Amino acid sequence: MTPFLELGVVLGAVAVAGGVAVRLGQSVVPAYIVAGIVVGPHAPTRVAGVPLALVAESEFVAVFADLGVVLLLFFLGLHVDADRLLGDWDRVVGAGVVDLGCNAAVGVALGWLFGFSLLETLFLVGVVYISSSAIVTKALLEQGWIANRESEPILGSLVFEDVVVAVYLTVLSTLVLGGGSASNALASLAAGFGLVAGVAAVGWYATGALERLVAARSDELFLLRVLAVAVLVAGTAATLGVSKGIAAFFVGGALGATDEAERVERALVPVRDLFAATFFLAVGLATPVSALVEVAGLLAAALVATTASKLVSGVVSGRIYGLDDRRSLRVGLGLVARGEFSLVLAALARASPTPVEGVPEFAVGYVLATSVLGTLLLRHEPTVAALAGVTDRVP
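For clarity, every value in this text was computed on a predicted model and none was experimentally measured.

**Comments concerning the overall build of the protein chain**
From N to C terminus, the protein chain includes 19 helices and 2 strands. Partitioning the contacts of the protein chain with sequence separation of at least 6, the portion at a separation of at least 24 is 79%. In the form shown here, the protein chain has an accessible surface area of approximately 16900 Å², with 67% of it arising from carbon and sulfur atoms.

**Looking at the packing of helix α13 (residues 261-285) against helix α17 (residues 340-351)**
A pair of packed helices can be characterised by two numbers: the angle between their axes and the separation between those axes. Remark: α13 packs on α17, axes separated minimally by 11 Å, with the N-to-C direction vectors making an angle of 50 degrees. Here α13 is positioned oblique relative to α17, judged by the angle of their axes. As for how α13 packs across α17, the hand of that crossing is left-handed. Of the residues in α17, those touching α13 at F279, F280 and V283 are E340, L343, V344, A347 and R350.

**Remarks on the nonpolar core**
Residues I33, F123, F279, F280, L343 and F362 are the most contacted members of the largest nonpolar core, which totals 89 residues. Per element, the largest residue contribution to this core is 10 residues, and it comes from helix α8 (residues 151-177). Ignoring any residue separated from it by four or fewer positions in sequence, one finds F362 in contact with L124, V127, V128, V295, L298, L299 and A302. L210, A216, A237 and L255 belong to the second-largest nonpolar core, a separate cluster that totals 27 residues.

**Considering a nonpolar patch on the surface**
Taken together, the side chains of L118, L122, V167, V171 and L175 present a nonpolar region at the surface, about 420 Å² in accessible area. Contributions of two or more residues to the nonpolar patch are made by α6 (118-129) and α8. Counting residues per element, the nonpolar patch draws most heavily on α8, which supplies 3 residues. Tracing the backbone shows V167 in helix α8. A relative accessible area of 46% places V167 in the partly exposed class.

**Brief notes about the confidence of the model for the protein chain**
Interpreting fine coordinate detail is not advised for predicted regions of low pLDDT. Model confidence for the protein chain is summarised by a mean pLDDT of 84, while 89% of its residues fall at 70 or above. The spread of mean pLDDT over the elements of the protein chain runs between strand β2 (residues 50-51), the lowest at 54, and helix α15 (residues 296-320), the highest at 95.

**Side note on the packing of helix α11 (residues 219-239) against helix α12 (residues 244-256)**
Packing of α11 against α12 leaves a shortest axis separation of 8 Å and a crossing angle of 145 degrees. The element α11 and its partner α12 pack so that their crossing is right-handed. Contact with α11, carried on its side by V226, V229, A230, V233, A234, A237 and A238, involves K244, A247, V251 and L255 of α12 and no other residues of that element. Among the residues making up the contact of α11 with α12, the classes are represented as 10 nonpolar, no polar and 1 charged.

**Considerations on the side chain of T306**
By the element assignment, T306 lies in helix α15. Ignoring any residue separated from it by four or fewer positions in sequence, one finds T306 in contact with N103, V106, L110, V128, R338 and Y366.

**Description of the pattern of salt bridges**
Summed over the entire model, instances satisfying the criterion amount to 10 salt bridges. For D99, the salt bridge identified is with K310, shortest N-O distance 2.9 Å. Of the two residues, D99 sits in helix α5 (residues 89-113) while K310 sits in helix α15, which places them 211 residues apart along the sequence. Classification of K310 by relative accessible area gives buried; the value is 0%. In this structure, K310 and E161 form a salt bridge, with 3.1 Å as the shortest nitrogen-oxygen distance. Taken together, the residues K310 in helix α15 and E161 in helix α8 connect sequence positions 149 residues apart. Here the salt bridges share partners, and the residues they tie into one network are E150, R326, R327, R330 and E381.

**A look at α5**
Counted at 1.5 Å a residue, the expected span for α5 with its 25 residues is 36 Å, and the 35 Å between its end C-alpha atoms agrees. Of the positions making up α5, those classed as buried are V92, A95, G96, D99, N103, A104, V106, G107, L110 and G111. The first or second residue beyond α5 is G115, which carries a positive phi of 70 degrees.

**Overview of the packing of aromatic side chains**
A complete count under the given rule lists 6 aromatic pairs for this structure. Ring centres of F279 and F280 lie 5.4 Å apart, and the angle between their planes is 50 degrees; this geometry places the pair in the tilted category. Here the two residues F279 and F280 agree in accessibility, since each one is buried. Sitting over the face of the ring of F222, R263 holds its NZ or CZ atom 4.1 Å from the ring centroid.

**A short note on the environment of E161**
Residue class for E161 comes out buried when judged on its relative accessible area of 1%. As a C-alpha pair, E161 and S131 span 30 residues in sequence and 8.0 Å in three-dimensional space. The residues contacting E161, other than those within four sequence positions of it, are D99, Y129, I130, S131 and K310. Looking at E161, its side chain comes within polar contact range of the main-chain nitrogen of S131, at 3.0 Å.

Rules used throughout
Residues numbered from 1 in each chain as written. Predicted model: local features only at pLDDT ≥ 70, side-chain atom pairs only at ≥ 80, totals over all residues. Heavy atoms only, no water. Helix = DSSP H or I, 4+ residues; strand = E, 2+ residues; numbered from the N terminus. Contact = heavy atoms within 4.5 Å. Areas by Shrake-Rupley, 256 points an atom, 1.4 Å probe, with all protein chains shown as cover. Axes fitted to C-alpha atoms, helices over the stretch in contact; angles between N-to-C directions. Parallel < 35°, antiparallel > 145°, perpendicular 65-115°, else oblique. Left-handed = near helix turned anticlockwise from the far one by under 90°. Core = buried A, V, L, I, M, F, W, Y, C linked by side-chain atoms within 4.5 Å. Buried < 20%, exposed > 50% of the residue type's maximum accessible area, 1.4 Å probe, protein only. Patch = residues over 30% accessible without salt bridge, like charges linked within 9 Å, V, L, I, M, F, W, Y side chains within 5 Å. Salt bridge = Lys/Arg side-chain N within 4 Å of Asp/Glu carboxyl O. pLDDT = per-residue confidence, 0-100. Nonpolar A, V, L, I, M, F, W, Y, C, P; charged D, E, K, R; others polar. Expected span 1.5 Å × (residues − 1). Phe/Tyr/Trp six-rings, centres within 6.5 Å; stacked < 30°, edge-to-face > 60°. Lys NZ or Arg CZ within 6 Å of the ring centre and 35° of its normal. Polar contact = N/O pair within 3.5 Å; in protein donor to acceptor, adjacent residues only side chain to side chain.

This is the structure in structure tokens:
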């Protein structure tokens, strides 16, 4: 199959999968992953006994997927609301620490129970801790909760998670990509923090200069300039052995502090969605179904334990914000879905020269399960509240 025809198959697969997901009222993320499994080299689908395998893990798919990671984390940084974080500091940090403590502890326990190494457990903690900003925000809009009081602790927790991600991913990528020896790791860590500190300083102290750098009357030129800045900084980070995603995160944070933030979002959303869809499909391409079966026990245990931990941390966070039982329960339900960041960790684990056994496959299965479960729990929240004995009446 020619690369151009293969690209057509990729676009067709994500278009069909996304359409089916929307019709079923589900997140498109698991649909794109399943599409990748179906048309990829590990496809369970066979024609005359031969695997369908329409799309290979080719170079153009890898480049598209890398751009997807860069843009996903760029938008994560763009949406870090510094005013919210600083203006409601006590409650944001209180709820965030509860969220981190409950869910990271479950990740550590799962790693210990299933015999994971220290590095594998660090990956596992990140996979089960971070909620999906994209899925959760979309669900709040669809449920009509975005203007309700329960949205405050949910969005506050997401902001806190984003900040934790910045430090966590910098350290983890250094451990994975830093070259093995302590001196190489320290040098890579210094380079990583130096780069992101430089980008953050530009966003903090040189907002005007950054605005002038990307400003253009033409939407086309504006889009190209923003993409150039994000990709050049991400590429520089990758050259230094630092995660390109975390560099893009700080570029997004820097641009989010400018007056061009809304225009950046309007211009880049379609581009982000295109490359992010390819990233999710690429995750499916690299995932053998048999490997998902092998981690079924871990997946089942994690699904039960981490859903419970998100509900507990959500209810406590709701109490920190002074909410009643029903709205506090909604906070927990709203944070169940994991998504894009867990898959970024899966991709990083696959790139690790040190074996990270089982984590990439677990992350894929876990995102598939929690994204669907989180959507269903929100849709049937009244039933969940009744089963939990929560009788408070809310709109």
